[in-house]
Amino acid sequence: MGDITVLLQRARDGDQGAWDDVVALIYHDLKHIARRVIGRSGSATFNPTGLVHDCYLRLSKAGPTGVLNRDHFLALAARAMRQLMLNHARDRLAAKRGGGAEHTEGNEIEANAQAEDLIELDQALRQLAGVDERMVQVVECRVFAGLSEAETAAALEMPLRSSQRLYAAAREQLAQILTDAKSS
Amino acid sequence: MSSRALQLLEPGRLLGGALFQSLLAGQASEDDGLAPGTRLGVFSIVRKIGAGGMGVVYLAERDDGQYQQQVAIKCVSQSGGDSSLFRRERQILAQMRHPHIARLIDGGETAGTLWFAMELIEGVRIDEHAHSAALSVAARVRRLLEVCDAISFAHERLLLHRDLKPANVLIDSDGRVKLLDFGIAALVGDAEASRAYSPAWASPEQRAGEDVGPASDQYQLGLLLNVLLRADSRSAGPGEIDPQLWLAIPAARRAELMAILLRATAAVASDRYSSVAAFRDDLLAWLAHRPVAAFAGGWAYALRTLLRRYPFASSAAAMGSLLLLAIVVFFSLRLKDERDRAQAEAERATRAAETATSISRFLQDDVFAFADPNTSQDVDFKVGALLKRAEASLGTRLADRPAIAAELLITIGRSQRGLGDFDAAQRSFAAAKVRLENLADANLQLQWHLWHGELLLARSQTADAIDDLQQALAIAQTLGETHPLYLEAAVRLAVARFDQTQGAAAVSELSALLPKIEAALGQDAPLTIFALNRLAIILNSVERVTEAETVRSEHLLRAERAYGAEHSTTLTGRLNRAVLLRKLGRLDEAATEAASASAGLRKVFGHPSIASLHAQNVESNILRDLGQLDAAIALQEQTLAARIELLGEVHDDVAFSLTNLAGSLAVQSRYGEASVHLQRALAIRAQLYPADHVDLITNLSTLADVERLHGRLAIAEAYASDAVARATRGLAADRPERGNAWYRYAQVLQATGKAEAAKSAAESARAVLIRHYPPSHPRIVAIDALRRG
């Protein structure tokens, strides 16, 4: 696995392989940090946004300083998170179909339901990308990385009002797309 | 479906949700699994049947040719760990047989993987079962009791489960509860603790990575109960403890159950029940509609129960948080109810007022009753700190509602008075007064004067107290002479007047009030019982012992009817009756009464506690009168030692113990020892009281008497004249203690051959004591002998 900043640069240039490596790298870090966080304080108090920030700090320390822009990293991390969660949702549903009548554990039912919802949302986001890619980016930042409005605006290098407007518009569009999908 | 997908856009929905959690836990993606046929010990894997937070579960078969057996095998990947420890604990677990515990059959370590072969249970999760079988609330609680039984059984064998959650509690095909994974979390070891248990179900101490004990299992049982009670079975995690989410339960019953639950899931382990068995017992009590320990008789009872387990100051933290819980629960339940019910604006206003009244009543009847040393003698003084906090937060919370704030401040002040923190109480009353200034609320003014008067009475500022109580009475007059607050004020005024003068007038005042109180409030009303108690005490003080005994018997009858035989009011009354019977020379009856009171007080307050030692002291005095001197002295020495241990040297009760012991020693003519004890008592009292306090004077008189009998006449005379001087200065002219001081002085003077002075002192003694005793009383007879010379 290559240097994170190089990988990120290549990913931004459209290299799918580099992108997968970034996702894997972030996943590894997320799990590492999450274990620590959950182990310390229990799931109730744990903060996913903090996780992303922690992840960034770790990665930025690993790479040469200055190369990686923090805000931009957050936007990338958000996309990576989307990918991660989608992969996980698919694995989960595949396991559910393949495994037959397993006796299920605590969060399983809810997690499976969310997995189905997420796949549906992801499809809607793909459609939305055809309308306006920036809306998708805003949703990624807000929903998948848990960034605030201000953080989202900074990460996407746009005025706060624009990010707010885009998020509202994205919600409307997604609602429309999902309704259409249901009725068709 | 689509609207659900859209919900993922809500902040925190996705990242706070189960999917993200499971991603982080890395369960699904990391599952490579064991292939069918893989051998672990004598077992071979058949297929995977589930995956949990701790590992993967397989169906496996034993096929060593001897017999066939199907088991569930749980595999946990493990690096490091002490395998010898693992083996030993595994053996202990394997020996544990209980109908509700899935047995651990075997276990081992193969290629860095720990595996556990367990009895194969085919069943459904307890929460799913409760939902699908549509179990009633009671049935759900009963199912949890079965779980408690199993956990208790294990705890008695020093084993913890450590990972209780619905997924580990199944109902098998025969409808029996079965606990899975017993103790496996412990076997997996601490290195992987964060994976070993399920974070959402972990107790605070588990999360903090601290040592866990049985209380941790209790905590998880509490969470389990909460899940079982929820109307919605689909929620995956333990969720919030919120009675609003429960199945329909009548409000009062729900509050009790909530109290039980909050106790079991208290953040600090020491605030929980003493054991899972105690938790189970309380649930049983709830099922049987008996008072529950966590709630019954109000929170006061719960606090007292807790106090019993932590007899002294160590309970500060435990009680503090329980009291907070009590207040929080009460407020939240009540406010939620009010919010739900209040529809119209006008109705809401009325409701708000009612709410405040209820809150205040809660503090008064429960917290206050608890803090009142008359009902609960071994009070933890640090509760005072908590009240101070409440007092402080009140200022900000209710800034715009002075009437409510004032009422609560008055209540807090009463509690502080009950705790003996008079300065804090004074501050609370002062703060309440400020808030009352701009309010034309006669009722609150009345309450302020009434309870402030009571405070002053406790501070021995009797004259000021009478002032306040008279004002209270004047306001109460407008409410009519049958109003409860009028009667409260009148009773306290009578008591205050007695404190001031020791005059028998209080007897007739109280006697006249009693029928009015009974007519207005009922025979067994708290105020009626309070008044009877005070009347009995006053009658005893003025040496009308026979009457006192009659009143005391009546008091006991009513107290038992109103509060029950086991209540501290009843028990303390019983003890006081024993004292009276002893004075009347009915020693056998006194002994019986004292023994029964003593046993009861030990039950309520624990032993050694202030109350139980007080009872023990009365018992020893009776023994002395019965002529069993050695037994009496032994018991008195025991009491003394326990009191010093409990209270420290400088305490009133220690001084009393010393005095009593000295009395017994004097009867055995062991005057030297008696004198030492009395001097020690004197030193304690000198630290506690002003120079002419009645107890100091009595102590000096007794010391003079002992020294006289010891033949050290000069010393005796010094003590006796000191006592007389202080009595003349500090005591009202008709106080019997003043007469007794003169009597002892007269005795000493006679012994030193100062006949005339002795006669004159005896005259002074008689002048006082003849008001209290009949001429035939032994003391008067003795005095008359001195007068004759």
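Residues numbered from 1 in each chain as written. Chains lettered and ligands numbered in written order. Predicted model: local features only at pLDDT ≥ 70, side-chain atom pairs only at ≥ 80, totals over all residues. Heavy atoms only, no water.

**Student:** Could you give an account of the overall build of chain B, naming the residues involved and the relevant values?
**Tutor:** A tally of helices and strands in chain B yields 34 helices and nine strands. By sequence separation, contacts in chain B at least 24 residues apart represent 59% of the contacts at least 6 residues apart. Approximately 32,200 Å² of chain B is accessible, and the part contributed by carbon and sulfur atoms is 53%. (Helix = DSSP H or I, 4+ residues; strand = E, 2+ residues; numbered from the N terminus. Contact = heavy atoms within 4.5 Å. Areas by Shrake-Rupley, 256 points an atom, 1.4 Å probe, with all protein chains shown as cover.)

**Student:** Give me the overall build of chain A: which residues, what numbers.
**Tutor:** Helix and strand content of chain A: eight helices and zero strands. In sequence order, chain A lays out its α and β elements as α-α-α-α-α-α-α-α. When the 184 residues of chain A are sorted by exposure, 49% land in the buried category. Across chain A, the fraction of contacts at a sequence separation of at least 24, relative to all contacts at a separation of at least 6, is 62%. Looking at chain A as shown, the accessible area adds up to about 8,700 Å², and 50% of this sits on carbon and sulfur atoms. (Buried < 20%, exposed > 50% of the residue type's maximum accessible area, 1.4 Å probe, protein only.)

**Student:** Lay out the confidence of the model for chain B with the relevant residues and their values.
**Tutor:** All names here are of chain B. Predicted confidence across chain B gives a mean pLDDT of 78, with 76% of residues reaching 70 or more. Scored below 50 in pLDDT, residues 189-196 makes twelve contacts in the model with residues more than four places away or belonging to other chains. Below pLDDT 50 for its whole length, residues 296-349 participates in 108 contacts with residues either more than four positions away or in separate chains. The complex prediction reports pTM at 0.44, with the ipTM value standing at 0.78. (pLDDT = per-residue confidence, 0-100.)

**Student:** Describe helix H34 (residues 778-788) of chain B, with residues and values.
**Tutor:** Because an α-helix packs 3.6 residues into every turn, residues spaced three or four apart end up facing the same way. Residue and element names in this part refer to chain B. Of all the positions in H34, only Ile780, Ile783, Asp784 and Leu786 are classed as buried. For H34, the angular spread of the buried residues around the axis is 155°, confining them to a single face. Facing away from the buried side of H34, by more than 90 degrees, are the exposed residues Pro778 and Arg788. Elements in contact with the buried residues of H34: helix H32 (736-751) and helix H33 (755-769). Of the residues flanking the end of H34, it is glycine 789, one or two places downstream, whose phi is positive at about 85°. (Arc of directions from axis to C-beta.)

**Student:** Can you tell me about the environment of aspartate 282 of chain B, naming the residues and giving the values?
**Tutor:** Among the structural elements, aspartate 282 of chain B can be located in helix H11 (residues 276-287). Each C-alpha atom, one on aspartate 282 of chain B and one on leucine 257 of chain B, is 9.3 Å from the other, the two residues being 25 residues apart in sequence.

**Student:** A description of the pattern of salt bridges should follow, citing residues and the corresponding values.
**Tutor:** Side chains carrying opposite charge are able to pair once their charged atoms draw close together. All names here are of chain B. What the rule picks out here adds up to 45 salt bridges over all chains. A salt bridge links glutamate 454 to arginine 492; the shortest N-O distance between them is 2.9 Å. Here the residue glutamate 454 occupies a position in helix H18 (residues 442-458), and arginine 492 occupies one in helix H20 (residues 484-501), the gap between them amounting to 38 residues. Take arginine 492: its relative accessible area is 9%, and that puts it in the buried class. A single network of salt bridges, built from pairs that share partners, joins Glu549, Glu560, Arg574, Arg577, Arg586, Glu589 and Glu593. (Salt bridge = Lys/Arg side-chain N within 4 Å of Asp/Glu carboxyl O.)

**Student:** Give a description of the nonpolar core that names residues and reports values.
**Tutor:** All names here are of chain B. Within the largest apolar cluster, 50 residues are counted, with the highest numbers of intra-cluster contacts made by Leu450, Val491, Ile517 and Leu535. Elements represented by at least two residues in this core include exactly helix H16 (402-419), helix H17 (422-436), H18, helix H19 (462-477), H20, helix H21 (505-521), helix H22 (526-541) and helix H23 (545-563). For this core, the leading source of residues is H20, giving eleven residues. (Core = buried A, V, L, I, M, F, W, Y, C linked by side-chain atoms within 4.5 Å.)

**Student:** Explain the confidence of the model for chain A residue by residue, including any values.
**Tutor:** Close inspection of predicted coordinates is inappropriate in any region flagged by low pLDDT. Residues at a pLDDT of 70 or more form 51% of chain A, whose mean pLDDT is 70. Per-residue pLDDT stays below 50 along residues 98-104 of chain A; that stretch engages in six contacts with residues further than four places along the chain or on separate chains.

**Student:** Explain the environment of leucine 287 of chain B to me, using residue names and the numbers behind them.
**Tutor:** Residues and elements named next belong to chain B. Note that leucine 287 resides in helix H11. With 148 residues separating them along the chain, leucine 287 and alanine 139 place their C-alpha atoms 9.5 Å apart. What leucine 287 contacts, discounting residues up to four positions off in sequence, is Ala138, Val141, Arg142, Leu145 and Arg253.

**Student:** For the pairing of strand S6 (residues 113-119) of chain B, give the residues involved together with the corresponding values.
**Tutor:** Residues and elements named next belong to chain B. Across the seven residues that make up S6, a large majority, five, are buried. Two elements, strand S5 (residues 104-110) and S6, share six bridges in a ladder whose sense is antiparallel. Opposite glycine 107, over in S6, you have phenylalanine 116 as the bridge partner. (Pairing = 2+ DSSP bridges.)

**Student:** Tell me about unusual backbone geometry, residues and numbers included.
**Tutor:** With the exception of glycine, the majority of residues adopt a negative phi angle, and the majority of peptide bonds are in the trans configuration. Residues and elements named next belong to chain B. The residue arginine 162 is not glycine, and still its phi comes out positive at about 75°. The phi torsion at serine 669 lies on the positive side, around 60°, for a residue other than glycine. Along the polypeptide, serine 669 turns up in the loop between helix H28 (652-667) and helix H29 (671-688).

**Student:** Before we move on, can you summarise the environment of alanine 595 of chain B with the specific residues and values?
**Tutor:** Residue and element names in this part refer to chain B. Position of alanine 595 relative to the elements: it lies in helix H25 (residues 587-605). The exposure class assigned to alanine 595 is partly exposed, which follows from its relative accessible area of 35%. Between the alpha carbons of alanine 595 and arginine 574 there is a distance of 9.7 Å; along the sequence they are 21 residues apart.

**Student:** A description of the sheet that holds strand S7 (residues 123-125) of chain B should follow, citing residues and the corresponding values.
**Tutor:** Residue and element names in this part refer to chain B. Taken in spatial order, the three strands line up as S7-S8-S9 in an open sheet, and their pairing is antiparallel. Each edge of the open sheet carries a strand with a single partner, namely S7 and strand S9 (177-179). Strand-to-strand, the axes of this sheet are offset by a mean angle of 40°, without reference to chain direction. Direction of pairing for strand S8 (residues 169-172) relative to S9: antiparallel, over a ladder of three bridges. (Axes fitted to C-alpha atoms, helices over the stretch in contact; angles between N-to-C directions.)

**Student:** So what about the packing of aromatic side chains? Which residues, and what values?
**Tutor:** All names here are of chain B. This structure, assessed with the given rule, holds three aromatic pairs over all chains. Pairing tyrosine 273 with phenylalanine 279 gives two aromatic rings, centres 5.7 Å apart and planes at 45°, and the pair type is tilted. Of the two residues, tyrosine 273 and phenylalanine 279, neither departs from the other in class, the shared state being buried. For the ring pair phenylalanine 429 and tryptophan 448, a centre distance of 6.2 Å and an interplane angle of 80° mean the geometry is edge-to-face. In this pair, phenylalanine 429 sits in helix H17 while tryptophan 448 sits in helix H18, placing the two residues 19 residues apart along the sequence. Tryptophan 448 shares its class with phenylalanine 429; the two are buried. Stacked on the ring of tyrosine 273, the Lys or Arg arginine 263 has its end atom at 4.5 Å from the ring centre. In this structure, lysine 433 packs its charged tip against the face of tryptophan 448, placed 4.1 Å from the ring centre. (Phe/Tyr/Trp six-rings, centres within 6.5 Å; stacked < 30°, edge-to-face > 60°. Lys NZ or Arg CZ within 6 Å of the ring centre and 35° of its normal.)

**Student:** If you had to explain the packing of helix H5 (residues 137-156) of chain B against helix H9 (residues 214-229) of chain B to someone new, which residues and values would you point to?
**Tutor:** Residue and element names in this part refer to chain B. Contact geometry for H5 and H9: axes closest at 10 Å, N-to-C directions at 165°. By the angle between their directions, the pair H5 and H9 is classed as roughly antiparallel. The crossing of H5 and H9 is right-handed. Residue-level contacts link Val137, Arg140, Val141, Leu144, Val147, Cys148, Ile151 and His155 of H5 to Pro214, Asp217, Leu221, Leu224, Leu225, Leu228 and Leu229 of H9. Partitioned by chemical class, the residues of the contact of H5 with H9 number twelve nonpolar, one polar and two charged. (Parallel < 35°, antiparallel > 145°, perpendicular 65-115°, else oblique. Left-handed = near helix turned anticlockwise from the far one by under 90°. Nonpolar A, V, L, I, M, F, W, Y, C, P; charged D, E, K, R; others polar.)

**Student:** Which residues make up H22 of chain B, and what values go with them?
**Tutor:** Residue and element names in this part refer to chain B. For H22, spanning 16 residues, the distance from its first C-alpha to its last is 22 Å, which sits close to the expected 22 Å at 1.5 Å a residue. Taken together, the buried positions of H22 are occupied by Leu527, Thr528, Ile529, Ala531, Leu532, Asn533, Leu535, Ala536, Ile538, Leu539 and Asn540. Packed against the buried residues of H22 are H20, H21, H23 and helix H24 (568-583). Two residues or fewer after H22 comes glutamate 543, characterised by a positive phi angle close to 65°. (Expected span 1.5 Å × (residues − 1).)

**Student:** Which residues make up the side chain of serine 620 of chain B, and what values go with them?
**Tutor:** Counting through the fold element by element, serine 620 of chain B comes out in helix H26 (residues 610-625). Not counting residues within four places of it along the chain, the set of residues in contact with serine 620 of chain B comprises Ala632, Leu635 and Gln636 of chain B.

**Student:** So what's going on with the packing of H9 of chain B against H11 of chain B? Which residues, and what values?
**Tutor:** The relative placement of two packed helices is expressed as an angle between their axes plus a distance between the axes. Residues and elements named next belong to chain B. Packing of H9 against H11 leaves a shortest axis separation of 9 Å and a crossing angle of 30°. It follows from the interaxial angle that H9 and H11 lie roughly parallel. In this structure, H9 contributes Pro214, Gln218, Leu221, Gly222 and Leu225 to the contact, and H11 contributes Val276, Phe279 and Leu283. When its residues are assigned to classes, the contact of H9 with H11 shows six nonpolar, two polar and no charged.

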